[in-house]
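So the chains spell out like this:
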Amino acid sequence: MQDVDEFARWVAEFEAKQLARAAMGDPEWARGANLDPAVARSVQRFQIGESGDGANLIAKAEAAGDPRYTAAVRLFVAEEINHARMLGLLLNAGGWQTIRAHWSDVVFVRLRRALGLRLELMVLMVAEVVALRYYRALRDGTEDVLTTRVAGLILNDELRHVPFHCHRLRVAFAGSSRAARCIPILLWWVVLIGATVVVAADHGPALRRLGVRRTGFVLDVIALFKVIVPTAVSGNSVTVTGGAPVPLRAAHAKRLLH
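Residues numbered from 1 in each chain as written. Predicted model: local features only at pLDDT ≥ 70, side-chain atom pairs only at ≥ 80, totals over all residues. Heavy atoms only, no water.

**Comments concerning the overall build of the chain**
Alright, step 1. The helix and strand inventory of the chain stands at 11 helices and 2 strands.
Alright, step 2. N-terminal to C-terminal, the α/β element order of the chain is α-α-α-α-α-α-α-α-α-α-β-β-α.
Alright, step 3. Looking at the 258 residues of the chain, the share that counts as buried comes to 48%.
Alright, step 4. Partitioning the contacts of the chain with sequence separation of at least 6, the portion at a separation of at least 24 is 82%.
Alright, step 5. Summed over all atoms, the accessible surface of the chain reaches about 12100 Å², with 57% contributed by carbon and sulfur. (Helix = DSSP H or I, 4+ residues; strand = E, 2+ residues; numbered from the N terminus. Buried < 20%, exposed > 50% of the residue type's maximum accessible area, 1.4 Å probe, protein only. Contact = heavy atoms within 4.5 Å. Areas by Shrake-Rupley, 256 points an atom, 1.4 Å probe, with all protein chains shown as cover.)

Spelled out as structure tokens, the structure:
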């Protein structure tokens, strides 16, 4: 019953954010954006990663049998679609086009779709944690006002997405013994480190323009993940901020990003 109530609060949190977004309106796209070519190409790849209709994840959430969780997932997917929209408009404001595909997104999507809900969320969490550090770099590493604004809006959403997925993963891991969690967690770390190294290499030129070294990017993502993993697999208590449940350890992760 507690989990049902918590997911109902997540729905309320997502809906409140949706209303706040509508009231605030979009950034001023007409002001244009001054995008370094390396940064623009990097944003193109992240824009692809944020796009998609989320149908596979929604179908798995429906199969899990909790309508409140499914409603929250639909709202999460809507925010990801909005991120893709904003990144596309940012690129257009800088005179760049979106791209149709990138090999890294193809691999990531195929991996996620081949898995059940718990494993898909674990892979998705890897992307979310990498995105936390990337959008912080994009927000803080440019003097372009529009880029800073868009990256800040997306980062604010991602800071909520991580505890949301942590909450569902705690539910998924609740019936597992500590020993049974060891192999999934080990594999999770392998995927995280591998994906982070690939992103750091692929986006290295952009990260340099944004003032972040590849090694520093990888170490920062690992530090974030080290904080988040115990929250996602344990039964740690939660505190409610702004109407939605936020794991206590998520506050530590948030400090790493500011």
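**Things to note about helix H4 (residues 67–93)**
Helical geometry: 3.6 residues make up each α-helical turn, so side chains three or four residues apart lie on a common side.
Alright, step 1. With 27 residues, H4 extends 39 Å between its outermost C-alpha atoms, agreeing within 8% with the 39 Å of an ideal straight helix rising 1.5 Å per residue.
Alright, step 2. Residue Asp66 occupies the N-cap position of H4, its side-chain oxygen lying 3.0 Å from the main-chain nitrogen of Arg68.
Alright, step 3. Trailing H4 by a residue or two, Gly95 shows a phi angle of about 85 degrees, which is positive. (Expected span 1.5 Å × (residues − 1). Polar contact = N/O pair within 3.5 Å; in protein donor to acceptor, adjacent residues only side chain to side chain.)

**Brief notes about the packing of aromatic side chains**
Alright, step 1. If you walk through the whole model with that rule in mind, you get 11 aromatic pairs.
Alright, step 2. Considering the side-chain rings of Trp10 and Phe164, the 5.4 Å spacing of their centres and the 65 degrees angle between planes classify their relative orientation as edge-to-face. With Trp10 in helix H1 (residues 2–24) and Phe164 in helix H7 (residues 145–173), this pair connects stretches of sequence that are 154 residues apart. We note that Trp10, like Phe164, is buried.
Alright, step 3. What makes Phe164 buried here is its relative accessible area of 0%. (Phe/Tyr/Trp six-rings, centres within 6.5 Å; stacked < 30°, edge-to-face > 60°.)

**Here we look at the pattern of salt bridges**
Alright, step 1. Taken as a whole and assessed by the stated rule, the structure comprises 13 salt bridges.
Alright, step 2. Between Glu79 and Arg160 there is a salt bridge whose closest N-O contact spans 2.3 Å. One end of the pair, Glu79, is in helix H4; the other, Arg160, is in helix H7, and 81 residues separate them in sequence. Across the pair, Arg160 and Glu79 agree in class, each one buried.
Alright, step 3. Across the salt bridge formed by Arg139 and Asp140, the nearest N and O atoms sit 2.6 Å from each other.
Alright, step 4. Because the salt bridges share partners, they merge into one network encompassing Arg21, Glu79, Asp157 and Arg160. (Salt bridge = Lys/Arg side-chain N within 4 Å of Asp/Glu carboxyl O.)

**Quick word on the side chain of Arg181**
Alright, step 1. One can find Arg181 in helix H8 (residues 178–202).
Alright, step 2. Residue classification places Arg181 among the buried residues on the basis of a relative accessible area of 17%.
Alright, step 3. Residues contacting Arg181, with those up to four places away along its chain left out, are Phe173, Ala174, Ser176, Val233 and Ser234.

**A few points about the packing of H4 against H7**
Think of two packed helices as two axes; the pair is described by the angle between the axes and how far apart they sit.
Alright, step 1. The interhelical angle for the contact between H4 and H7, taken along N-to-C directions, is 160 degrees, at an axis separation of 11 Å. With respect to H7, the element H4 is oriented roughly antiparallel. Crossing geometry of H4 relative to H7 is assigned as left-handed. Facing Tyr69, Ala72, Val73, Phe76, Glu79, Glu80, His83, Met86, Leu87, Leu90 and Ala93 of H4, the residues of H7 in contact are Leu146, Thr147, Val150, Leu153, Ile154, Asp157, Glu158, Arg160, His161, Phe164, His165 and Arg168. (Axes fitted to C-alpha atoms, helices over the stretch in contact; angles between N-to-C directions. Parallel < 35°, antiparallel > 145°, perpendicular 65-115°, else oblique. Left-handed = near helix turned anticlockwise from the far one by under 90°.)

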